[in-house]
Amino acid sequence: MSAKTVSSIASPDLIGRAAIDAVKKLNPRSLMKNPVIFVTEVVATLVTAIFLRDLLTGAPVSFTGQIMGWLWFTVLFANFAEAVAEGRGRAQAESLKRARTDTVAKKLSDPRNRERFTRVSALDLKVGDFVLVEAGDLVPGDGEIIEGIASVNEAAITGESAPVIRESGGDRSAVTGGTTVVSDFVVVRITAAAGSSFLDRMIALVEGAERQKTPNEIALTILLVGMTLIFLITVVTLYGLGLYGGTELAVPVLVALLVTLIPTTIGGLLSAIGIAGMDRLVRHNVLAMSGRAVEAAGDVDTLLLDKTGTITFGNRMATEIIPVPGVSAREATEAAVLASLADETAEGRSILALARETFGIDVTVVPDGASFVPFSAATRISGIDLVGRKVRKGAVDAVRRFVSEGTTGKVSEPAEFNAAVDRIARSGGTPLGLAENGRLLGVIHLKDVVKPDIKERFAELRRMGIRTVMVTGDNPVTAAAIASEAGVDDFIAEATPQDKLSYIRNEQRRGRLVAMCGDGTNDAPALAQADVGVAMQTGTQAAREAGNMVDLDSDPTKLIEIVGIGKQLLMTRGSLTTFSIANDVAKYFAIIPALFIVAIPELSVLNVMGLSTPQSAILSAVIFNALIIIALIPLALRGVPYKPASAESVLARNLLIYGLGGILVPFIGIKLIDLAVTALGLA
Amino acid sequence: MTSNGWLQIAILFVAVVACAIPLGRFMARVFAGERNFLSPVLAPVERGLYRLAGVDPDKEQGWVAYTLGMLALNAAGFALLYAILRLQGVLPVNPQGFGALAPDLAFNTAVSFVTNTNWQAYGGETTMSNFSQMVGLTVQNFLSAATGIALAIALVRGFARSGAAGVGNFFVDATRATLYILLPLAFVTALILVASGMPQTLDGSFTATTLDGAQQTISIGPVASQVAIKQLGTNGGGFFNVNAAHPFENPTALGNMLQVWQMLVVSTAIMFAFGHLVGDKRQAKALVTVVFVLLIVGVAVAYWAEAAGTPVLQQAGLDPAGGNMEGKEVRFGLALSALWAAVTTGLSCGAVNAMHGSFTPLGGMVPLVLIKLGEILPGGVGSGLYGLLVMAIIAVFVAGLMVGRTPEYLGKKIEAKEVKMAVLASLVLPVFVLGFTALAANLPGPAAGIGNGGPHGLTEVLYAYASGTGNNGSAFASLSANTPWWNTTLGIAMLFGRFAYIVPMMAIAGSLAAKPRLAASTGTFPTHGPLFVGLLIGVILILGGLQFFPALALGPIAEQVQMLAGKTF
């Protein structure tokens with residue numbers, strides 16, 4: 001299943017629900033988690049009390065009332081941002097929950113005896129219980145197949161409707177609760193208790209119910225609290241400083257100054273940014289087991305990528321057929337086609353395809369009297385016997401042996417043949433010998449074909465400062481050739497799980513963060529060691545436990561997207577923080593002259609925006625401060641535009657937009673609101 | 001403004017950077033414990049001192065032990081100085097026969113010199129005996145400077161080390177700072193100052209017959225030796241009441257240039273030493289650029305404002321070409337007075353060669369703003385660097401995320417603990433400056449000490465607490481500060497301004513040292529180069545400015561706009 005495209009930020013339905021949630025979130029106990037907005041709520045309550053007092057005493061209330069209203073809107077808008085983000089996750093959780101209906105499990109008291117089982121509720125299953133799952137049954141919980149093979153529909157989790165094979169032993173032994181066995185049967189040992197299964201965790205994750213602040217979010221919150229405290233000191237002491245200069249500042253005015261200065265914008269959007277980042281991963285069908293993992297993804301310096309499936313298509317293909325002198329290219333190709341007629345492997349098919357492309361040879365009918373010689377691991381040769389003709393292809397030494405057996409005289413082995421074999425081997429390809437009776441015809445070049453666009457992606461990663469490392473079981477010569485063709489920075493040839501683990505450790509020792517993906521049980525230690533370990537959904541339970549992310553599509557290329565999502569999340573957070581702080585400059589120029597204009601009329605030179613009256617200046621700043629939260633919700637949910645580039649250029653761009661923009665935008669915004677406020681006669 | 005004035009300013013900055021580069025390299029060697037050209041002479045002395053004190057120089061301290069060692073030394077220094085000041089009357093080398101200081105003044109002065117502030121609520125030549133000056137104040141001038149340098153080096157080690165438990169040994173660092181850096185520099189420059197006409201004697205005063213035939217008692221004393229370390233250690237505590245505006249404390253224009261050079265050279269060199277110690281000189285260049293760009297802007301604004309003078313006086317017939325010469329020495333003129341004012345406050349030195357309170361409001365705002373930006377441009381010896389690094393940590397944390405990685409500075413991840421400590425340290429300045437100012441300006445007792453009406457009076461108070469909390473020590477004259485309220489509250493401000501900042505800063509040093517140092521790549525946030533310089537300047541100005549803009553608007557800015565409108569108080 002490919003990433004779902006999001007056409008709009010939220011449906012009207014979702015917005016309605018989020019609006020209700022925004023009001024519910026006014027509960028101070030839940031708001032405490034967001035200190036900046038909590039402070040806003042406290043001072044809004046204070047202004048409300050003053051408003052009510054003025055109302056009762058008959059003092060003018062229009063200005064205080066408007067300030068009060070916008071303070072509450074500020075809190076509500078911040079709550080709304082969070083509610084919208086949560087709502088988007090909840091919609092996805094709904095579909096997952098349907099798979100979690102109470103199923104009946106066939107519990108076996110003796111795993112070896114499938115005949116005797118008791119029907120129990122899936123909720124009563126404990127870790128270590130054995131269950132029988134037959135065609136048509138829902139898998140009652142996460143577990144490991146200990147016996148049997150079955151095709152399983154995992155659409156409930158992955159959205160992919162084509163069934164996959166699950167079998168005992170090996171790397172395909174894990175089953176997930178909520179999936180359906182569509183054929184055959186399996187005996188499963190339960191590995192996760194009800195309530196803590198993969199599906200449960202997935203629901204909790206997308207719902208945001210178990211959302212905990214990530215380390216960087218915690219640090220940022222501390223900074224925001226610190227800034228709030230600093231501005232609290234600034235504003236409280238300003239009362240005293242004003243008093244010395246002969247101005248007694250009113251509480252609503254001081255509150256207005258406080259709320260515009262404290263970082264309400266980023267404070268209001270911070271959790272929405274985090275939820276949206278997780279959500280983006282889920283939309284790419286990746287589940288992160290913790291927010292920490294998403295942040296670590298942004299920090300990755302080194303990517304360990306499996307060659308097969310990620311860098312290459314994963315099967316070797318014939319790319320050329322080199323005849324020996326005295327044999328025409330067409331003759332050699334025809335022989336290769338004959339030798340491959342019965343070869344159903346991808347390599348064999350690719351020889352036929354090559355012949356079709358180069359000479360238009362298309363044999364569909366098997367010649368009469370032909371008998372096929374199948375490939376075996378012992379002979380390492382295959383081909384066809386026709387009347388008077390024995391055509392073979394296979395490993396070069398096996399073909400040499402075949403030729404020497406087919407002739408009585410001395411085998412003529414042209415120098416060109418050996419040269420071609422050497423050249424192919426050196427380039428990382430696999431040479432196949434081609435012979436007929438006692439005569440060598442040529443060499444077939446089999447090549448691991450590198451995906452066409454992968455080189456550009458690696459170049460992109462390199463610009464972002466990320467090293468790519470190819471992991472392959474190939475020998476060093478082959479690996480080096482493919483590595484240079486694909487443009488990776490390094491490779492591990494003849495890689496064993498231990499090699500991967502020690503490579504990761506070595507990178508980490510040099511201060512680099514490493515990401516990798518894997519699926520086998522023997523990948524588990526490396527997955528656990530890596531800073532970002534992405535386990536394939538098709539992988540074993542051990543691999544899924546060891547990694548901190550699971551890719552439901554089991555697509556190793558996804559690692560590159562995951563890094564991008566991590567980076568985008570961090571960028572969005574940083575950009576909006578910078579924007580929020582930079583906004584304060586303009587607010588000062590709006591409010592400070594307004595506060596003291598009566599006592600020190602000359603301070604009007606600071607009123608650079610030319611705001612009409614002191615009251616409209618203060619009101620405009622407060623309104624701008626509230627509206628900017630709403631205006632930035634789409635950006636918080638979508639993330640800032642992200643294009644792979646060096647840190648230097650990304651920083652320059654974001655500093656310009658969110659730093660300089662953050663200083664300038666409010667000057668314009670506050671002026672416009674002031675014009676509107678004046679036109680409407682609000683102040 | 002004249003081109004001659006600018007030339008003098010330019011020569012000074014070039015001379016400072018030219019000398020700071022080799023001095024920085026030398027400091028890096030000293031604190032890495034490597035042999036240097038002074039080792040043949042000083043290494044045996046150093047070893048002897050450790051044996052005497054029972055210090056094992058190879059023993060590393062964690063940040064807690066390091067900080068406790070520092071606090072113990074400073075507490076002992078405070079106790080010693082307080083005792084000397086209280087017992088002055090019975091102690092020797094007291095030619096003028098001065099009596100003991102009052103408890104509040106002794107407290108204020110002891111705190112002041114231990115914290116490298118050198119706020120002086122007393123007049124030197126009318127209060128302090130030569131014994132108090134030499135054994136009391138000058139010793140603390142060395143120790144407080146060495147303390148600052150040691151702490152900065154500890155923080156730098158936090159960045160340079162990887163997965164380490166220790167940040168160095170405080171006693172070793174403080175000894176080396178004194179022995180290899182401060183003492184030799186002070187010795188050589190004191191001789192030059194003497195050559196420029198500065199007194200160095202144990203006599204208290206002499207009597208001169210003036211041109212009118214009157215008898216005048218003129219105070220002298222061991223001036224040069226104290227001035228040398230006062231400037232080098234960014235202490236700023238003058239021998240005489242009017243500090244470096246006194247002809248004996250600053251006899252010639254050339255000597256004046258040397259003193260500005262002394263103030264700047266160690267603080268600038270330690271930034272270069274930082275570059276060597278973290279193994280990346282570009283990082284030091286970026287910090288030096290930030291510091292000098294802001295400092296030169298400060299000098300330029302002050303020079304411009306002073307050269308523009310006051311319109312009211314010019315309308316009354318004053319020659320506008322003279323600028324504002326009130327409170328300035330004719331020997332130094334506008335350029336060198338503006339230069340000194342900016343440098344002494346960009347640093348936490350606080351020595352003055354002109355009266356900041358007599359500057360135009362805008363010109364006087366420059367020193368005030370430079371103090372409020374955190375005493376990091378380049379700040380006191382050591383304290384400037386650690387303040388600047390804490391600011392860099394905040395800048396990197398805010399903007400670092402924008403490159404799509406969690407923030408890191410010099411390969412160290414900046415996480416919740418560092419941010420928490422940086423925030424705690426950043427709270428010190430606004431709490432004590434704004435809190436005390438708001439109180440003192442409105443309490444009838446303290447407010448009686450304010451010398452001028454209108455916004456200028458508020459600036460006096462604001463300046464006093466900023467100077468105290470920022471450990472600067474300069475004053476905005478005409479505040480009568482030698483009363484129990486001012487002595488006590490300023491003493492508290494100085495104490496917290498120094499140590500309430502140091503403790504969280506050292507916690508950062510410890511936490512950073514324990515972290516692995518990550519490798520840099522093209523994906524890491526670049527902390528050299530013009531982009532970071534611009535960012536750090538922006539963060540320093542915005543964070544500092546946001547805290548103090550309202551107060552400045554009510555003080556110097558209000559005064560300036562009223563002055564331009566012809567309003568007087």
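These figures come from a predicted structure and were not determined experimentally. (Residues numbered from 1 in each chain as written. Chains lettered and ligands numbered in written order. Predicted model: local features only at pLDDT ≥ 70, side-chain atom pairs only at ≥ 80, totals over all residues. Heavy atoms only, no water.)

### So, the overall build of chain A
No. 1: Secondary structure summary: chain A contains 24 helices and 20 strands in total.
No. 2: Computed over its C-alpha atoms, the radius of gyration of chain A comes to 34 Å, more than 25% above the 26 Å expected for a compact globule of 683 residues.
No. 3: With respect to the principal axes defined by its C-alpha atoms, chain A has extents near 120 × 65 × 45 Å.
No. 4: In chain A, buried positions account for 55% of the 683 residues.
No. 5: Of the contacts formed within chain A by residues at least 6 apart in sequence, a portion of 70% connects residues at least 24 apart.
No. 6: When the accessible surface of chain A is totalled, it reaches about 27,400 Å², and 59% of it is carbon and sulfur. (Helix = DSSP H or I, 4+ residues; strand = E, 2+ residues; numbered from the N terminus. Rg over C-alpha atoms; globule rule 2.2 N^0.38 Å. Buried < 20%, exposed > 50% of the residue type's maximum accessible area, 1.4 Å probe, protein only. Contact = heavy atoms within 4.5 Å. Areas by Shrake-Rupley, 256 points an atom, 1.4 Å probe, with all protein chains shown as cover.)

### Some remarks on the side chain of Thr-237 of chain A
All names here are of chain A.
No. 1: The residue Thr-237 is located in helix 7 (residues 215–244) in this model.
No. 2: Of the polar contacts made by the side chain of Thr-237, one reaches the backbone oxygen of Ile-233; its length is 2.7 Å.
No. 3: Polar contacts involving the side chain of Thr-237 include one to the main-chain carbonyl oxygen of Thr-234, which spans 3.1 Å. (Polar contact = N/O pair within 3.5 Å; in protein donor to acceptor, adjacent residues only side chain to side chain.)

### Notes on the interface of chain B and chain A
No. 1: Taken residue by residue, the interface counts 58 residues in chain B and 62 residues in chain A.
No. 2: At the boundary of chain B with chain A, total buried surface from both sides reaches about 5,000 Å², with 76% on carbon and sulfur atoms.
No. 3: Three residues, Met-402, Leu-546 and Leu-554 of chain B, lead the burial of chain B against chain A; their summed loss comes to 15% of the area buried on that side.
No. 4: Along the contact surface separating chain B from chain A lie two salt bridges. (Buried area = accessible area lost by both parts, 1.4 Å probe. Salt bridge = Lys/Arg side-chain N within 4 Å of Asp/Glu carboxyl O.)

### Overview of the sheet that holds strand 19 (residues 532–536) of chain A
Residue and element names in this part refer to chain A.
No. 1: Taken in spatial order, the seven strands make up an open sheet running 8-20-19-18-9-16-17, and their pairing is mixed. The sheet is open, and its two borders are formed by strand 8 (286–288) and strand 17 (490–492), each paired with just one other strand. This sheet shows a mean twist of 20 degrees between the axes of neighbouring strands, independent of strand direction.
No. 2: Where strand 9 (residues 302–306) and strand 18 (residues 514–518) come together, three bridges link them in parallel fashion. Looking across to strand 18, one finds that Thr-302 is bridged to Val-514.
No. 3: Together, strand 8 and strand 20 (549–551) form the strand contacts of helix 9 (residues 264–283), whose direction differs from that of strand 8 by roughly 140 degrees. (Pairing = 2+ DSSP bridges. Axes fitted to C-alpha atoms, helices over the stretch in contact; angles between N-to-C directions.)

### Concerning the environment of Gly-555 of chain B
All names here are of chain B.
No. 1: Note that Gly-555 resides in helix 19 (residues 529–564).
No. 2: Given the relative accessible area of 0%, Gly-555 is considered buried.
No. 3: For Gly-555 and Thr-459, which are 96 residues apart along the polypeptide, the C-alpha to C-alpha distance reads 5.0 Å.
No. 4: Aside from chain neighbours lying at most four places away, what touches Gly-555 is Pro-455, Leu-458 and Thr-459.

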